[in-house]
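# Close look at the chain arrangement
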Amino acid sequence: MKIDIILAGVGGQGILSIAAVIGEAALSQGLFMKQSEVHGMSQRGGDVQSNLRISDRVIYSDLIPAGKADLVLALEPMEALRYLPYLSAEGWLVSNSVPYVNIPNYPEEDKLKESIARFQRKVILDVDSIAREAGSVRAANMVLLGAACPFLRLDYSGLQQAVRRIFERKGEAVVELNLNALSMGKALAEQEFKP
Amino acid sequence: MNSKLLLLADEAVAQAALDAGISGVYAYPGTPSTEITEYIQSSDKAQRENIHRNWSANEKTAMEAAMGMAFAGKRALVCMKHVGVNVAADPLMNSSISGVVGGLVFVAADDPSMHSSQNEQDSRFYGRFAMIPVLEPSSQQEAYDMTYYGFELSEKLGFPVMLRITTRLAHSRSGVVRREERAQNKLRFSDDPRQFVLLPVNARQRYKKLLAAQQDMQALSEALSFNAFSPGKDLSKGVVACGIAYNYLMENFPEGCPFPVLKVGQYPLPKTAIAHLLENCGEVVVLEEGSPLVEEMIAGLLNQGSKVTGRLSGLLPRDGELNPDIVAAAFGLKTTKLFEKPEVVMPRPPALCQGCGHRDMYDALNAAIAEYGERVKVFGDIGCYTLGYLPPFKALHACLDMGASITMAKGAADAGLEYAVAVIGDSTFTHSGMTSLLDAVYENSPITVIISDNEVAAMTGGQDSPGTGRLEAICAGLGVEPEHIRSLVPLKKNHDEMVQVIKEEMNYRGVSVIIPRRACIHALNRKKNSKQ
């Protein structure tokens, strides 16, 4: 068993919380994992990514080789496309549909949509709106993680426990918000897409 | 104790140092080393046992304080990014002459590919230069084990030990198993009163001790403690894989590498195993992160016979960090990239945050200097505000190293530049700008220094800055005329006032310091959140 995931977004969007939840869940199931992150200068509104690798065998590289990722999980659509070269033939793209425009030359909306449409194996959701429905747009990252559940091959209860552990110091209301966001994302992905 | 902790390699280093019984960590924040000290600062044990964990003013003061602790017989960890090693180079080079009583592990965190740095220098050169052992982990577990062992090694040899990590490992998480906790050392001093007094008469003796210790260090490396040799059937190639480069090799050979491999984790290099590879293999491929240090050592200046390949020979790129794909190409293996990055994908460079005080400072500076054209140059420094070079500000003409804004402005003024402006942050100013300012005061150089004060070291995540609340007093103490120390609040509503002040001070033909002061918005938010 092996899952290689590239998490992508813009600095400050919260991809590292997604990584932390998946990582906790994987470790509690006795799996090997490595997760590389970006700190420092790029966090100032630049593109950020995290390579997350889970396996039942020893993992060597902290970085996923090109063409080997099982999943690109993105909180921003242009950032999702940036990592297409890492996807394997069976790989899936799971992304937020809402652009984060903080550069003057951000692509036009229809050109971006066209590029995404060309890619077949994908789940594209407006996770911002779903998160708002769940209680707060700040839980958008957990909606996205929920939407990735069908592709993750990890125990859902393990993910729920990891959410609880990671957010518990912020209080029960924050835990419930994030669990709710997780389950809404999962339900939507399962409803619309069968991997 | 047996359950795995999920740790960044930085955090694994910190946990190992706590378990190895340190009495203090000394550091200045710098990517990718910052999280080591932060982990210790947030540890219950450090609080309970009162382990020293405050930030130092710079890497030199950090290393010197750590040497004081090692002088007093206790264990000290000192951490910095690679360019910080330059700042700490003076105490580092002399620490191997004096040696230590308590164990000292010196962590150098290198940044190949310059993710967040101005160069990609390789700290292993410093380890070799100082003639001390260098440990180079390939995994988070090794980062833990080597740090733990590093303290034992340092005390056994009586010299500091360097641990060299790189960004990719420093900022990658994995499961780590801890070892038994050791108690801190008791206060204890050297039996030799000459040891730490490096007068020539003593230093000559100490240097002989360091030279003699080289044999012990070599013997430890030969015993393959953190160097591992694995035989292979295919002798057309042999591989020397240093630190994290080993991972990229094995990633490409999941069923085992067909070639003999020497995994290097401890320097000086193990000669016997390398000689074995050279004698028995058609080619020796050296995989190393950073500079071709090992390749050049093995190949020699002329590489006669051309058996040794790597970054220097052109087999691998000379610059930038390695990855599995680059290493695959070096072994002629195919990568399986199926999709190209679509053309609509634009680069998204980092930028100053919306609402950041540096933005208001740059808006005012640009408005103030507009009329002077080529008669003004702005010398930048190291921090978030270096992003003022990028659009929309395009405000900087130089950025060299910590503190250089002030001294370069002075030198350019010496050369005849009419308006020399320095832009430096508060933490960078107290790190290395104060002596620069003293040079300018000494000669009453016509320079304008803007200390853009956000009251934290912001780029590295908002660490405390020892100079917070003291900047005006420091500048006055260094001799800047009080009427030319101007404090401002960088807000849109104060734009005109700021422009006016900058113009006035530029036209004063002596040293002026302008201090736009407004707290970093991120640090402010974090403070609010932690209070809730």
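Residues numbered from 1 in each chain as written. Chains lettered and ligands numbered in written order. Predicted model: local features only at pLDDT ≥ 70, side-chain atom pairs only at ≥ 80, totals over all residues.

### Looking at the overall build of chain A
Where we set the bar: Here a strand is any run of E in DSSP of at least two residues, a helix any run of H or I of at least four, and the numbering for each starts at the N terminus. Throughout, radius of gyration means the C-alpha value; the globule benchmark is 2.2 Å times the number of residues raised to the power 0.38. Any residue whose C-beta has 12 or fewer other C-beta atoms within 10 Å is treated as exposed, any with 20 or more as buried, and any in between as partly exposed, C-beta atoms being built from the backbone. The contact criterion used is a C-beta to C-beta distance within 7 Å, with each C-beta placed from the backbone.
A count of helices and strands for chain A gives seven helices and six strands. Starting at the N terminus, the α and β elements of chain A follow one another as β-α-β-β-β-α-β-α-β-α-α-α-α. Against the 2.2 N^0.38 benchmark of 16 Å for 195 residues, chain A shows a C-alpha radius of gyration of 16 Å, consistent with a compact globule. Considering only C-alpha atoms, chain A reaches an extent of 40 × 40 × 40 Å along its principal axes. Expressed as a percentage of its 195 residues, the buried residues of chain A come to 57%. For chain A, restricting intrachain contacts to residue pairs at least 6 apart in sequence, the fraction spanning at least 24 positions comes to 67%.

### Topic: the overall build of chain B
When helices and strands are counted, chain B shows 20 helices and 18 strands. Taken over C-alpha atoms, the radius of gyration comes to 25 Å for chain B, in line with the 24 Å a tight globule of 532 residues would show. Seen through its principal axes, chain B has C-alpha atoms that stretch 75 × 65 × 55 Å. Looking at chain B as a whole, 55% of its 532 residues qualify as buried. Taking all contacts inside chain B whose residues are at least 6 apart in sequence as the whole, residues at least 24 apart take part in 77%.

### So, the sheet that holds strand S4 (residues 69-74) of chain A
Condition: Strands qualify as paired when DSSP identifies two bridges or more between them. For helices, the fitted axis covers only the stretch in contact; all axes are lines through C-alpha atoms, and the angles between them, taken along N-to-C directions, range from 0 to 180 degrees.
Reading across from one edge, S6(A)-S5(A)-S4(A)-S1(A)-S3(A)-S2(A)-S7(B)-S1(B) is the order of the eight strands in this open sheet, with mixed pairing throughout. Every interior strand has two partners, whereas the edge strands, strand S6 (122-125) of chain A together with strand S1 (5-8) of chain B, have only one. Averaged over all pairs of adjacent strands, the angle between strand axes in this sheet comes to 20°, irrespective of strand direction. Two elements, S4 of chain A and strand S5 (residues 87-96) of chain A, share five bridges in a ladder whose sense is parallel. Across the sheet, the residue bridging to Ala69 of chain A is Leu87 of chain A, located in S5 of chain A.

### Concerning helix H7 (residues 172-192) of chain A
Residues and elements named next belong to chain A. Applicable threshold: Helix span, as expected, comes to 1.5 Å for every residue beyond the first.
Given a rise of 1.5 Å per residue, 21 residues ought to cover 30 Å, and the 30 Å separating the end C-alpha atoms of H7 matches this to within 8%. The set of residues buried in H7 consists of Leu177, Asn178, Ala181, Leu182, Met184, Gly185, Lys186 and Ala189. At its buried positions, H7 is contacted by S6, helix H4 (127-134), helix H5 (140-152) and helix H6 (156-167).

### What about the confidence of the model for chain B?
In regions of low pLDDT, the predicted coordinates are not meant to be interpreted in detail. Rules: For every residue, the predictor assigns a confidence score, pLDDT, that lies between 0 and 100.
Averaged over every residue, the pLDDT of chain B is 96; the share at 70 or more is 99%. Model confidence for the complex is summarised by a pTM of 0.96, with the ipTM given as 0.92.

### Digging into the interface of chain B and chain A
Test applied: Polar here means any residue outside two lists: the nonpolar Ala, Val, Leu, Ile, Met, Phe, Trp, Tyr, Cys and Pro, and the charged Asp, Glu, Lys and Arg; Gly therefore counts as polar.
Facing 40 residues of chain B, the contacting portion of chain A comprises 41 residues. Those elements that provide at least two residues to the side of chain B that touches chain A are helix H9 (167-170), strand S7 (172-176), helix H11 (245-252) and helix H14 (324-330) of chain B. Each residue belonging to the side of chain B that touches chain A can be placed in one class, and the counts come to 20 nonpolar, eleven polar and nine charged. Judged from the three bridges that link them, strand S2 (residues 32-36) of chain A and S7 of chain B form a sheet pairing that is antiparallel. Note on S7 of chain B: the bridge partner recorded for Ser36 of chain A is Ser172 of chain B.

### Brief notes about the sheet that holds strand S17 (residues 485-488) of chain B
Paired through their backbone hydrogen bonds, the strands of a sheet run either parallel or antiparallel. Residues and elements named next belong to chain B. Spatially, five strands are ordered S14-S15-S16-S18-S17 in an open sheet, and the strand pairing comes out parallel. A strand with exactly one partner marks an edge of an open sheet, and here the two such strands are strand S14 (376-379) and S17. Adjacent strand axes in the sheet meet at a mean angle of 20°, parallel and antiparallel pairs treated alike. Summarising the sheet, strand S15 (residues 419-425) and strand S16 (residues 447-452) pair through six bridges and their orientation is parallel. Residue pairing across strands places Val421 opposite Thr448, the latter belonging to S16. Helix H18 (residues 471-478) contacts S16, S17 and strand S18 (512-516) of the sheet and is inclined by roughly 170° relative to S17.

### Some points on the environment of Glu142 of chain B
All names here are of chain B. Inspection of the secondary structure assignment puts Glu142 in helix H8 (residues 140-157). Its 23 C-beta neighbours within 10 Å are what place Glu142 among the buried residues. Between the C-alpha atoms of Glu142 and Ser154, which are twelve residues apart in sequence, the distance is 17 Å. Once you skip the residues sitting within four places of it in the chain, Glu142 turns out to touch Pro137 and Gly265.

### Thoughts on the nonpolar core
Test applied: For this entry, the nonpolar core is defined as buried Ala, Val, Leu, Ile, Met, Phe, Trp, Tyr and Cys residues connected by C-beta atoms within 7 Å.
By size, the foremost hydrophobic cluster in this structure holds 159 residues, and its most contacted members are Val78, Val107, Val240 and Leu287 of chain B. Among residues more than four places away in sequence, those in contact with Leu287 of chain B are Val239, Val240, Ala241, Cys242, Ala245, Tyr248, Leu249, Gly310, Leu322 and Val327 of chain B. Listed in part, the 69 residues of the second largest apolar core include Val127, Ala147, Leu177 and Ala189 of chain A.

### Quick look at unusual backbone geometry
Among all residues except glycine, the phi angle is most often negative; among peptide bonds, the trans geometry is most common. All names here are of chain B. With an omega of 10°, the peptide bond between Tyr267 and Pro268 qualifies as cis. Take Pro268: it is sitting in the loop between strand S11 (266-267) and helix H12 (271-280). The residue after Pro391, namely Pro392, is reached through a cis peptide bond having omega 5°. Mapped onto the secondary structure, Pro392 falls in the loop between S14 and helix H16 (404-415). Although it is not a glycine, Met114 adopts a positive phi angle of roughly 50°. When you line up the elements, Met114 lands in the loop between strand S4 (104-110) and helix H7 (124-130).

### Some thoughts on helix H2 (residues 34-41) of chain B
Where burial is concerned, most of H2 of chain B is hidden: seven out of the eight residues are buried. Listed as buried for H2 of chain B are Thr34, Glu35, Ile36, Thr37, Glu38, Tyr39 and Ile40 of chain B.

### Considering the pairing of strand S9 (residues 237-242) of chain B
All names here are of chain B. Along S9, five of the six residues are buried, which leaves the element largely enclosed by surrounding structure. Relative to strand S12 (residues 283-287), S9 runs parallel, the two being bridged by five bridges. Counterpart to Val239 in the pairing with S12 is Val285. In this structure, S9 lies alongside strand S10 (residues 261-264), joined through four bridges in parallel fashion.

### Observations regarding the packing of H16 of chain B against helix H17 (residues 426-442) of chain B
Residues and elements named next belong to chain B. Using the following cut-off: Here the word oblique covers every angle except those under 35 degrees (roughly parallel), over 145 (roughly antiparallel) and from 65 to 115 (roughly perpendicular). By definition, turning the near helix anticlockwise from the far helix through less than a right angle yields a left-handed crossing, and turning it clockwise yields a right-handed one.
Relative to each other, H16 and H17 sit at 20°, their axes nearing to 8 Å. As the angle between them shows, H16 and H17 are arranged roughly parallel. As H16 runs across H17, the sense of the crossing is left-handed. Judged by residue contacts, Ile406, Thr407 and Lys410 of H16 engage Gly433, Ser436, Leu437, Asp439 and Ala440 from H17. Residue composition of the contact of H16 with H17, grouped by class: three nonpolar, three polar and two charged.

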